Amino acid sequence: MSELLNINDISVSYGNIKALQNVSMHVNQGDIVCLIGANGSGKSTLLKAIVGQEPLDTGSITFDGEEICQAKYPLEGKKKHKALTTDIIVSRGIALVPEGRRVFADMTVEENLDMGAFMVRDDKLIAERKESMYDFFPILGARRRQKTRSLSGGEQQMMAIARALMSAPRMILLDEPGLGLAPLVIADIFGKIEFINKQDNVTVFLVEQNARMALKASTEGYVMENGRIVLSDKSSALLANEKVRAAYLGE
Ligand code: ATP
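Residues numbered from 1 in each chain as written. Predicted model: local features only at pLDDT ≥ 70, side-chain atom pairs only at ≥ 80, totals over all residues. Heavy atoms only, no water.

The name that an unreviewed UniProt entry assigns to the protein is ABC-type branched-chain amino acid transport systems, ATPase component, with the source organism given as Sphaerochaeta pleomorpha. For the record of the protein, the UniProt heading Sequence similarities (unreviewed entry) holds the text "Belongs to the ABC transporter superfamily." (UniProt positions renumbered as here; feature names shortened; annotations may be inferred.)

Next comes the structure, spelled out in structure tokens:
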């Protein structure tokens, strides 16, 4: 299977805080890969780095064989970052579904979906994509003219996923899609994610604190502690791993 995303030895810091230290990972085309780790371990920072929103101290990131971010020290040893802008990274085929859903609360569902298609010029194509989102998430169709703040947490999460899909990405990055939601709602959302992966062949990179759901839904998994990858394996093997069971599955 061909490699779609390659993260090669990246480090990111916030002042003196080393949020990521020499992290290397890869995601193959068509897979669901998860990253699990406790609060503050660096998961969100990694996703921001992939979409060009945090400068790298070391390493580089490639998508479909092309470099999208790299660390660079051009002048007087001063740290300088070189990355494509987030808009360009999105247009290459990566879409981020941010933590806490970050929907535009004062906009309607429809307006939020329009925002997701910001770089699509063809109005007919935008309308078609919205209709297919309403077919896939019927609750969004029913609420299309409602302000997003009136939706439940689960509905907002679905809208955040639908908004990301409006750019017809090859890969989606999901930051804690289960956060703060009831177990049945989480199961529903994970079912949708698996369907999108299989049916539309969208590669998924999933960051979750809910390790059990994430490992069950994925084929490969990585474990992050204090900004470092400490374990990586097939998700089925991680589910059976004693250390993972004790630290992340509450056993
Ligand atoms: P969470 O599950 O809470 O989102 P996380 O695993 O995503 O956690 P990050 O948010 O990436 O972790 O944070 C990694 C480390 O970097 C933490 O120590 C955090 O306090 C620190 N950090 C994150 N963002 C900033 C920032 N903008 N400025 C300073 N420190 C930050």
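From this point on, the discussion continues.
*Asks:* Can you tell me about the pairing of strand β1 (residues 3-14), naming the residues and giving the values?
*Replies:* The side chains of a regular strand alternate between the sheet's two faces. Inspection of the sheet shows β1 paired to strand β2 (residues 17-28) by eight bridges, in the antiparallel sense. Residue pairing across strands places Ile10 opposite Val23, the latter belonging to β2. The hairpin turn running from β1 into β2, its antiparallel successor, is two residues long, and Gly15 in that turn takes a positive phi close to 60°. Sheet topology places β1 next to strand β4 (residues 58-63); five bridges connect them, and they run antiparallel. Bridging from a neighbouring strand, Asn6 pairs with Thr62 of β4. (Pairing = 2+ DSSP bridges. Helix = DSSP H or I, 4+ residues; strand = E, 2+ residues; numbered from the N terminus.)

*Asks:* Any chance you could break down the layout of surface pockets for me, citing the residues and the numbers?
*Replies:* Its volume calculated, the largest pocket comes out at about 580 Å³. Looking at the lining of the largest pocket, the elements with two or more residues in it are α1 (43-50), α2 (86-92), β7 (94-97), α3 (109-116) and α6 (153-165). Of the residues belonging to the lining of the largest pocket, the class tally is twelve nonpolar, five polar and six charged. The volume enclosed by the second largest pocket comes to roughly 230 Å³. Around the second largest pocket, the lining is made up of 17 residues, and of these Asn39, Gly40, Ser41, Gly42 and Lys43 lie nearest the centre. Tallied by class, residues from the lining of the second largest pocket come to four nonpolar, nine polar and four charged. (1 Å grid on protein atoms, 1.4 Å probe; cavity = no way out; pocket = protein on both sides within 12 Å on 5 of 7 lines; lining within 4 Å. Points joined across faces, edges and corners; volume = space filled by probe spheres on them. Nonpolar A, V, L, I, M, F, W, Y, C, P; charged D, E, K, R; others polar.)

*Asks:* Provide a residue-level description of the packing of α3 against helix α4 (residues 123-136), including the pertinent values.
*Replies:* As a packed pair, α3 and α4 sit with axes 10 Å apart at the nearest point and diverge in direction by 125°. One finds that α3 runs oblique with respect to α4. As for how α3 packs across α4, the hand of that crossing is right-handed. In contact with Val109, Glu110, Leu113 and Asp114 of α3, α4 contributes Ile126, Lys130, Met133 and Tyr134. For the contact of α3 with α4, the per-class residue count stands at five nonpolar, no polar and three charged. (Axes fitted to C-alpha atoms, helices over the stretch in contact; angles between N-to-C directions. Parallel < 35°, antiparallel > 145°, perpendicular 65-115°, else oblique. Left-handed = near helix turned anticlockwise from the far one by under 90°. Contact = heavy atoms within 4.5 Å.)

*Asks:* So what about the site of the ligand? Which residues, and what values?
*Replies:* Taken together, 14 residues surround the ligand, and among them Asn39, Gly40, Gly42, Ser44 and Thr45 come closest. One of the backbone nitrogen or oxygen atoms of Gly40 is found 2.7 Å away from an oxygen atom of the ligand. Within the backbone of Ser41, one N or O atom sits 3.0 Å away from an oxygen atom of the ligand. Alone, the ligand offers 630 Å² of accessible surface; in the complex the protein occludes 63% of this. (Near = heavy atom within 4 Å. Polar contact = N/O pair within 3.5 Å; in protein donor to acceptor, adjacent residues only side chain to side chain. Areas by Shrake-Rupley, 256 points an atom, 1.4 Å probe, with all protein chains shown as cover.)

*Asks:* Tell me about the pattern of salt bridges, residues and numbers included.
*Replies:* A side chain of one charge can pair with a side chain of the opposite charge if their charged atoms are brought near each other. Within the structure shown, the criterion is met by twelve salt bridges. A salt bridge links Glu225 to Lys243, with the nearest nitrogen and oxygen atoms 3.3 Å apart. With Glu225 in strand β10 (residues 220-225) and Lys243 in helix α10 (residues 242-248), this residue pair connects regions lying 18 residues apart in the sequence. Glu225 sits in the partly exposed class, given a relative accessible area of 28%. A cluster of three or more residues bridged by salt bridges with shared partners is formed by Glu110, Asp114, Lys130 and Arg145. (Salt bridge = Lys/Arg side-chain N within 4 Å of Asp/Glu carboxyl O. Buried < 20%, exposed > 50% of the residue type's maximum accessible area, 1.4 Å probe, protein only.)

*Asks:* Could you give an account of the pairing of strand β8 (residues 171-175), naming the residues involved and the relevant values?
*Replies:* Counted residue by residue, β8 has five buried out of five residues, so it is predominantly covered. Of the two faces of β8, the one holding Met171, Leu173 and Asp175 and the one holding Ile172 and Leu174 are both buried throughout. Summarising the sheet, β7 and β8 pair through four bridges and their orientation is parallel. Bridging across to β8, Leu96 finds its partner in Leu173. The handedness of the β8 to strand β9 (residues 203-208) crossover, carried by helix α7 (residues 183-200), is right-handed. (Right-handed = clockwise from strand over helix to strand, strands pointing away.)

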